[in-house]
Amino acid sequence: MSKATRAICVGTADRFPSRRPRRVRVANTSLVVLNGESGVSGPWYAYASVCPHRGAPLDDALVIGSILVCPWHGSEFDLRAGNYIQGPSTCPLRVFKVSKRRKRIFVNLEHDGDPDG
Ligand code: FES
């Protein structure tokens, strides 16, 4: 049985300056949307707004390529799949599938970042 999709528009691409994580709230879910490169072609990322270790605000995180570094204790996560690369976190970061249609950015809250899922 296929999983229902729930892609929600979080705004137009120009609302998200390059490489600057921005917190948004959609459908009672707080998450961070990031345009990972200059221009609007992406890659685009969306992930939980707080760190799974002790709840640091991840709109303050440093992002290097596709690696997010938590601002409090330095855990590193791969934004493509959410897995942790380096602790102290031993839990993955929840990530969401993002798509861009025309000038709008959509986040699928029912689908994690696994491209095969
Ligand atoms: S709160 Fe993120 S590593 Fe501790």
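In this text, all values refer to a predicted model and were calculated from it rather than measured experimentally.

As for the overall build of the protein
(1) Moving on: Within the protein, the regular secondary structure consists of zero helices and 10 strands.
(2) Moving on: Every one of the 117 residues in the protein was classed for burial, and the buried ones make up 28%.
(3) Moving on: Look at the contacts in the protein between residues 6 or more apart in sequence, and 41% of them connect residues 24 or more apart.

A few points about the nonpolar core
(1) Moving on: Counting residues in each nonpolar core, the largest one holds 25 residues, and the members touching the most others are V33, Y45, A46, Y47, V98 and V107.
(2) Moving on: Broken down by secondary-structure element, the contributors of at least two residues to this core are strand 3 (29-35), strand 4 (44-48), strand 9 (95-101) and strand 10 (104-112).
(3) Moving on: In this view, V107 contacts A7, I8, V10, V26, L31, V33, A46, F96 and V98; residues no more than four positions away in its chain are not counted.

A closer look at the confidence of the model for the protein
(1) Moving on: Summarising the model, the protein shows a mean pLDDT of 87, and 85% of its residues fall at 70 or more.
(2) Moving on: Of all secondary-structure elements in the protein, the lowest mean pLDDT belongs to strand 10, at 84, while strand 7 (residues 76-78) reaches the highest, 96.

Notes on the sheet that holds strand 5 (residues 62-64)
(1) Moving on: Taken together, four strands build an open sheet; the order of strands is 5-6-7-8 and the sheet is antiparallel. Both edges of this open sheet fall to strand 5 and strand 8 (84-86), since each of them pairs with a single strand only. Averaged over all pairs of adjacent strands, the angle between strand axes in this sheet comes to 30°, irrespective of strand direction.
(2) Moving on: Inspection of the sheet shows strand 5 paired to strand 6 (residues 67-69) by three bridges, in the antiparallel sense. From the neighbouring strand, L62 faces strand 6, where its bridge partner is V69.

Brief notes about the pairing of strand 2 (residues 22-26)
(1) Moving on: Note that strand 2 and strand 3 share five bridges and pair antiparallel. The partner of R23 across the bridge, within strand 3, is V32.

Observations regarding unusual backbone geometry
(1) Moving on: At the junction of G87 and P88, the peptide bond is cis and its omega measures out at 25° in the coordinates.
(2) Moving on: In this model, R19 sits at a positive phi of 60°, which is unusual for a non-glycine residue.
(3) Moving on: Among the secondary structure elements, R19 is positioned in the loop between strand 1 (7-12) and strand 2.

Description of the environment of P92
(1) Moving on: Residue placement: P92 occurs in the loop between strand 8 and strand 9.
(2) Moving on: The exposure class of P92 is partly exposed, given the 16 C-beta atoms found within 10 Å.
(3) Moving on: Sequence separation between P92 and L79 is 13 residues; the distance between their C-alpha atoms is 10.0 Å.
(4) Moving on: Once you skip the residues sitting within four places of it in the chain, P92 turns out to touch P52, G82, N83 and Y84.

The rules behind each value
Residues numbered from 1 in each chain as written. Predicted model: local features only at pLDDT ≥ 70, side-chain atom pairs only at ≥ 80, totals over all residues. Helix = DSSP H or I, 4+ residues; strand = E, 2+ residues; numbered from the N terminus. Buried ≥ 20, exposed ≤ 12 C-beta atoms within 10 Å, placed from the backbone. Contact = placed C-beta atoms within 7 Å. Core = buried A, V, L, I, M, F, W, Y, C linked by C-beta atoms within 7 Å. pLDDT = per-residue confidence, 0-100. Pairing = 2+ DSSP bridges. Axes fitted to C-alpha atoms, helices over the stretch in contact; angles between N-to-C directions.

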